[in-house]
Amino acid sequence: MLSLLVLAYTLFPYYWAIVSSFRSGSELFSTSLVPSFDLAHYKALLADPVFTGSIINSLIVAGSTTVISLALAVAAAYALGRLNFSGRQAMLMAILVVSIFPQIAVMSGMFELVRWLGLYNRVGALILAYLIFTVPFTVWVLTSFMREFPRELEEAAIMDGCSHWRILTRILLPLMGPALASTGLLAFILAWNEFLFALTFILSDENRTVPVAIGLISGNSRYEYPFGPVMAASIIVTLPLLVLVLIFQRRIVSGLTAGAIKG
């Protein structure tokens, strides 16, 4: 019984968002739990070139950020997790400290960097800005995963004359599929949902990402009651994340549980 109460408490806000996305006008104030299945908000949003363009922009930004973060993190994780050199622990602690800082603390410095590089009001500005919090996260997680591999793998490869690059790309990287899937998905979600940098570094509608586009719906004069369109937009932009989770479900579970059982 307690489990059902916790489940209902957890899922009810999401169910209410779905119900509200099908309502228009005064229906939004109804307390009925049964949705009316009015697709007017969904049709209007999908026909809006600004909103659909923001989805494409978010896919480009989040996808590029994830790929670059994983590429940098794999190399860094190999060095921090498999190689012995002075200052390794200090570097790991520095990465952890960087990830603790709130976004607003680095906002002014990142804005100056974006402006100096000529990336203001371009999607490249968001890719550069998002790396500041996705790279530390992916490096930390993949380093922990990299440490779990037995040393015998490297020793046998070194005996065969393999370089560190070949050990990483030919031996360890194929074994990191679950970790890359789970870490990459979490990095994608971080970049997909980011709002503060997207609001600050992008000025024009054609370059906006989804979170900002949803936030601006409430100020759109076309909607008398913007709550319904906001809920519909939220449901639409959640679908790509659900698809990714379903595709990589097994690898995500394996990646999250890796290293939990040893022996």
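Residues numbered from 1 in each chain as written. Predicted model: local features only at pLDDT ≥ 70, side-chain atom pairs only at ≥ 80, totals over all residues. Heavy atoms only, no water.

Peer 1: Outline the overall build of the chain, supporting the account with residue identities and numerical values.
Peer 2: Regarding its fold elements, the chain presents 13 helices and zero strands. Listing every helix and strand of the chain by position from the N terminus yields α-α-α-α-α-α-α-α-α-α-α-α-α. Counting only C-alpha atoms and orienting by the principal axes, one finds that the chain spans roughly 75 × 55 × 30 Å. Counting the 263 residues in the chain, one finds 37% classified as buried. Within the chain, contacts between residues at least 6 apart in sequence are counted, and of these 72% link residues at least 24 apart. As presented, the chain carries roughly 15000 Å² of accessible surface, and 69% of it is formed by carbon and sulfur atoms. Within the chain, the 13 negative side-chain charges are centred at a point lying 7 Å from the centre of the 15 positive side-chain charges. (Helix = DSSP H or I, 4+ residues; strand = E, 2+ residues; numbered from the N terminus. Buried < 20%, exposed > 50% of the residue type's maximum accessible area, 1.4 Å probe, protein only. Contact = heavy atoms within 4.5 Å. Areas by Shrake-Rupley, 256 points an atom, 1.4 Å probe, with all protein chains shown as cover. Lys, Arg positive; Asp, Glu negative; His and termini not counted. Charge placed at Lys NZ, Arg CZ, Asp CG, Glu CD.)

Peer 1: Now, about the nonpolar core: what can you tell me, with residues and values included?
Peer 2: Membership of the largest hydrophobic core comes to 35 residues, with the highest contact counts inside it found for F51, L126, Y130, W192, F197 and F201. Considering each element in turn, this core owes the most residues, seven residues, to helix 12 (residues 227-247). Ignoring sequence-local partners within four residues, the contact set of F201 consists of M107, M110, F111, V114, Y120, N121, R122, A125, L126 and A129. The next biggest cluster of nonpolar side chains, apart from the first, holds 22 residues, and it includes V74, L80, L168 and L180. (Core = buried A, V, L, I, M, F, W, Y, C linked by side-chain atoms within 4.5 Å.)

Peer 1: Go over helix 3 (residues 49-82) with me, naming the residues and quoting the values.
Peer 2: Residue pairs three or four apart in sequence face the same way in an α-helix, which turns once every 3.6 residues. Taking 1.5 Å of rise per residue, 34 residues should cover 50 Å, and helix 3 covers 48 Å from first to last C-alpha, within 8% of that figure. At the N-terminal boundary of helix 3, the capping side chain belongs to D48, with an oxygen 3.1 Å from the backbone nitrogen of V50. (Expected span 1.5 Å × (residues − 1). Polar contact = N/O pair within 3.5 Å; in protein donor to acceptor, adjacent residues only side chain to side chain.)

Peer 1: Give a detailed account of the packing of helix 6 (residues 123-146) against helix 9 (residues 177-193), specifying residues and quantitative values.
Peer 2: One way to put it is that helix 6 packs onto helix 9 with a least axis distance of 10 Å and a crossing angle of 160°. Judged by the inter-axis angle, helix 6 sits roughly antiparallel to helix 9. Once helix 6 is placed against helix 9, the crossing between them reads as right-handed. Along its contact with helix 6, which presents Y130, F133, T134, F137, T138, V141, L142 and F145, the element helix 9 presents A179, L180, T183, L186, A187, L190 and A191. Here the residues of the contact of helix 6 with helix 9 sort into twelve nonpolar, three polar and no charged. (Axes fitted to C-alpha atoms, helices over the stretch in contact; angles between N-to-C directions. Parallel < 35°, antiparallel > 145°, perpendicular 65-115°, else oblique. Left-handed = near helix turned anticlockwise from the far one by under 90°. Nonpolar A, V, L, I, M, F, W, Y, C, P; charged D, E, K, R; others polar.)

Purely geometric stuff here, so don't read any function into it on its own.
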